[in-house]
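Geometric and topological summary
Spelled out from the first residue to the last, the chains are:
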Amino acid sequence: MTITTTIETMTSQPYLVRSVDKETPDTFTLTLKPESGANGTLFQPGQFSMLWVFGVGELPISISGQPFQMDCLVYTVRSVGQATHALVSRKAGDGIGVRGPFGTGWPIDKARGRDVIIVAGGIGLAPLRPVIYHVLGNRKQYGRLVVLYGSRSPRDLLYRKELSSWARQPDTHVLVTVDYGGLSWRGHVGVVTTLFKYARLQPEKSVAMVCGPEIMMRFVARELEMLGLKRDDVYISMERNMKCAVGFCGHCQYGPHFICKDGPIFPYEQLRPLLEKYEL
Amino acid sequence: METLERIIAEHPFFSGLDYGFVNLMVSCASNVRFKGGSYILKEGDPANTFYLVRAGKVAVEVLAPQHKPIIVSTLGVGEILGWSWLLPPFQWKFHARAVEDTRAVALDGKCLRSKCEENHDLGYEILKRFAQIMEQRLEATRLQLLDVYSVKR
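Bear in mind the structure is a predicted one, so any value in this text is a computation, not a measurement.

1. Side note on the overall build of chain B
For chain B, the count of helices and strands is four helices and eight strands. The helix and strand sequence of chain B, counted from the amino end, reads α-α-β-β-β-β-β-β-β-β-α-α. Overall, chain B is about 55 × 30 × 25 Å in size when its C-alpha atoms are taken along their principal axes. Looking at chain B as a whole, 27% of its 153 residues are labelled buried. The contacts of chain B with a sequence gap of at least 6 include a subset with a gap of at least 24, amounting to 73%.

As C-alpha cells, then:
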C-alpha cells in the first residue's frame, strides 16, 4: 500500500445525516449523503465503513443500503454504548465523518446461478440486506432466495415491512422466528436453526451467507453442513474491535487474519478451526 | 384421498420404517382437527397421545405466575407434538395450543406402548426416532437459553 492510499483511507470524508429512522426500540437506520453533494461511494454487499461521530469516537458499521443507490449511504446501528448512542442521536443535517468502504464482500459472484440462503440473527440482517437487494435486483441471475431470520422477540425484528414485501417476490422464501413470542405473535417461536426444516433447501446448488452472534453462526454453519452444504459454500461475517480498518493496527487480529482487511466476510471452511478455539 | 397408512409411511419422522411396523402404527392412528385457538393438550393431564402435524401450527406454552402463558416453541407441518406418552408418569409437561386451524394424525400412546412392549424391535425404532427429536429440541433450547441477541451477554 502506498503512502498516498494510506492517507486516503485514513481520512474521513464529510457526510451529512439525511434521516434517522427507528427500526426497533434500540436500533436505528441512518441515511447519510456526501456534504459536497457529489455521489456517494460504491460498495460491495458486506463491506463496512468507519463512521466518526465528532468528539465521541469512530465505529465500524456495515453498510445496509442498496448497493446501486449512489446518492447516499445507509447504516443500521444498534445503540449499545456511548459511541453508538451518540451516532443514533444525530439529527438530520448533522455532520458525520465516513471512511471506507472496507473489507471483503459477500460472495455474490460465486452465488450466481445458484440458490442463495441468507441466515441472519438479530442485527445480523443489516449487513445481509444489500445481498437481498442485489439478488432481487438481478433476479434472473440467481436461483431461489431463502431468507431465514431469527430475532430475540417480535419487537426486535428489523425491516418488518421489507420482510413482508420480500416474501411476496417470486422464487423467494422468507421465514422469521423469534426466541420469545407473546401470545399475540402468530409466527414461529424457536431459534433460527429450527427454520431449516421448513425451507426445502437444495444444498448441492446453494450458497449460504450467515450473519449474527458468533455462537449462532457456529450452530447454523454446523446445521447447514449436516444438511449437505459444503463448508466452502457457507460464508460468515465476523466482528472484532476494529480501529484502523486497513490491517495496520492489529486490534481486530483473529488468529492469522485481520478481520477488517481479510474479512469481515470469510468462508466458514477458513475460520472453522478458530471458531472452535477456547476464548479466542 | 390419502390413507393413514400412506400419511404415516411418508412422514419424515417414520422415514425408512419397516412396512410391517407402519401397519402396526396405523392400527393406533386417527385423523384429528383443531380449531385455531383451541388447546390440544394441557399440563398435568394424562399423556396418552402424540401427534404428527399435517397442516397448521401449534404453540407449546408454559404457564407463568401472574403472566400470560409464554410460548417456548412452535411446531409446524411435518413435526411431532408430544413425547410424554412415552415415559412415566405419562403426564403432559406443557400446554399445546393450535395457533391456527390445524390438522394432525393422532397416535394412541397407550396402544403404541403395549405394541412396543410386545415387540421390542418396534420399541427400539420408536425410541431411536424420539431420541433424535429430543436431542434436536434440547440443542435448540440450549441455544435459546443463551439469549444470544441480548445486549447484556
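2. Quick word on the overall build of chain A
From N to C terminus, chain A includes seven helices and 15 strands. Taking 19 Å as the expected radius of gyration for a compact globule of 280 residues, we find that chain A reaches 18 Å, a close match to that expectation. Projecting the C-alpha coordinates of chain A onto the three principal axes gives extents of approximately 50 × 45 × 40 Å. Classification of the 280 residues of chain A by burial places 45% in the buried group. Taking the contacts inside chain A whose residues are at least 6 apart along the sequence as the reference set, 69% of them involve residues at least 24 apart.

3. Focus: the domain arrangement of chain A
It is common to report an interface's size as the accessible area lost on association of the parts. All names here are of chain A. Annotation of chain A at the domain level lists domain 1 (3-102) and domain 2 (115-275). Contacts between the two partners involve 22 residues from domain 1 and, on the opposite side, 20 residues from domain 2. Of the residues contributing to the side of domain 1 that touches domain 2, the split by class is nine nonpolar, ten polar and three charged.

4. Overview of the interface of chain B and chain A
Across the contact, 18 residues belong to chain B and 22 residues belong to chain A. Of all elements in the fold, only β5 (70-75) and α4 (120-145) of chain B reach the threshold of two or more residues within the side of chain B that touches chain A. Counting residues per element, the side of chain B that touches chain A draws most heavily on β5(B), which supplies four residues. Considered class by class, the residues forming the side of chain B that touches chain A number eleven nonpolar, six polar and one charged.

5. A look at the sheet that holds strand β7 (residues 95-98) of chain B
Residue and element names in this part refer to chain B. As summarised here, the arrangement of the four strands in space is β2-β7-β4-β5, forming an open sheet in which the pairing is antiparallel. Since the sheet does not close on itself, it has two edges, and those belong to β2 (39-41) and β5, each with one partner. The sheet shows a mean angle of 35° between the axes of neighbouring strands, direction not considered. Direction of pairing for strand β4 (residues 58-62) relative to β7: antiparallel, over a ladder of four bridges. By the bridge assignment, V58 is partnered in β7 with A98.

6. Some thoughts on the nonpolar core
What tends to happen in soluble globular proteins is that the nonpolar side chains get buried as a cluster. Counting residues in hydrophobic clusters, the biggest one holds 83 residues, and the most contacted among them are I118(A), A208(A), V210(A) and Y235(A). Not counting the four nearest positions on each side in its chain, I118(A) is found in contact with L128(A), V131(A), I132(A), V146(A), V147(A), L148(A) and M209(A).

7. As for the environment of Y254(A)
Residue and element names in this part refer to chain A. With respect to the secondary-structure elements, Y254 resides in strand β13 (residues 253-254). Taking the C-alpha atoms as reference points, Y254 and R114, separated by 140 residues in sequence, lie 30 Å from one another. Once residues within four sequence positions are removed from consideration, Y254 is found in contact with M238, R240, I259 and L274.

8. Thoughts on helix α3 (residues 125-137) of chain A
Between its terminal C-alpha atoms α3(A) stretches 18 Å, which fits the 18 Å expected from 13 residues at 1.5 Å a residue. The buried fraction of α3(A) is high, at ten of 13 residues.

9. Some remarks on the sheet that holds strand β10 (residues 188-189) of chain A
Residues and elements named next belong to chain A. Spatial strand order, β10-β9-β8-β7-β11-β12-β15: seven strands in an open sheet with mixed pairing. Since the sheet does not close on itself, it has two edges, and those belong to β10 and β15 (265-267), each with one partner. Taken together, the two bridges between strand β9 (residues 172-178) and β10 define a ladder with parallel strand orientation. Bridging across to β10, V178 finds its partner in V189.

Rules of the game
All chains use their own residue numbering, which begins from 1 and follows the written sequence. Here the convention is simple: chains get letters from A, ligands get numbers from 1, in the order in which they are written. Since the coordinates come from a predicted model, pLDDT governs what is reported: local features require at least 70, and pairs of side-chain atoms require 80 or more to be given and counted, while whole-chain, interface and lining totals use all residues. Helix and strand definitions here come from DSSP, where helices need a minimum of 4 consecutive H or I residues and strands a minimum of 2 consecutive E residues; each element is numbered from the N-terminal end. Neighbour density around each residue's C-beta defines its exposure: 20 or more other C-beta atoms within 10 Å make it buried, 12 or fewer make it exposed, and counts between make it partly exposed, where C-beta atoms are placed from the backbone. Once C-beta atoms have been placed from the backbone, residue pairs whose C-beta atoms lie within 7 Å are recorded as contacts. With C-alpha atoms as the basis for the radius of gyration, the globule rule is written as 2.2 Å multiplied by the number of residues raised to the power 0.38. Note: domain ranges come from an automatic or database domain assignment. By the convention adopted, Pro, Cys, Tyr, Trp, Phe, Met, Ile, Leu, Val and Ala count as nonpolar, Lys, Arg, Asp and Glu as charged, and the other residues, Gly among them, as polar. In this analysis, strands are considered paired if DSSP registers two or more bridges between them. Comment: axis = line fitted to C-alpha atoms, over the contacting stretch for helices; angle = value between 0 and 180 degrees taken between N-to-C directions. Nonpolar core, as used here: buried Ala, Val, Leu, Ile, Met, Phe, Trp, Tyr and Cys residues forming one set through C-beta atoms within 7 Å. The span one expects for a helix is its residue count, reduced by one, times 1.5 Å.

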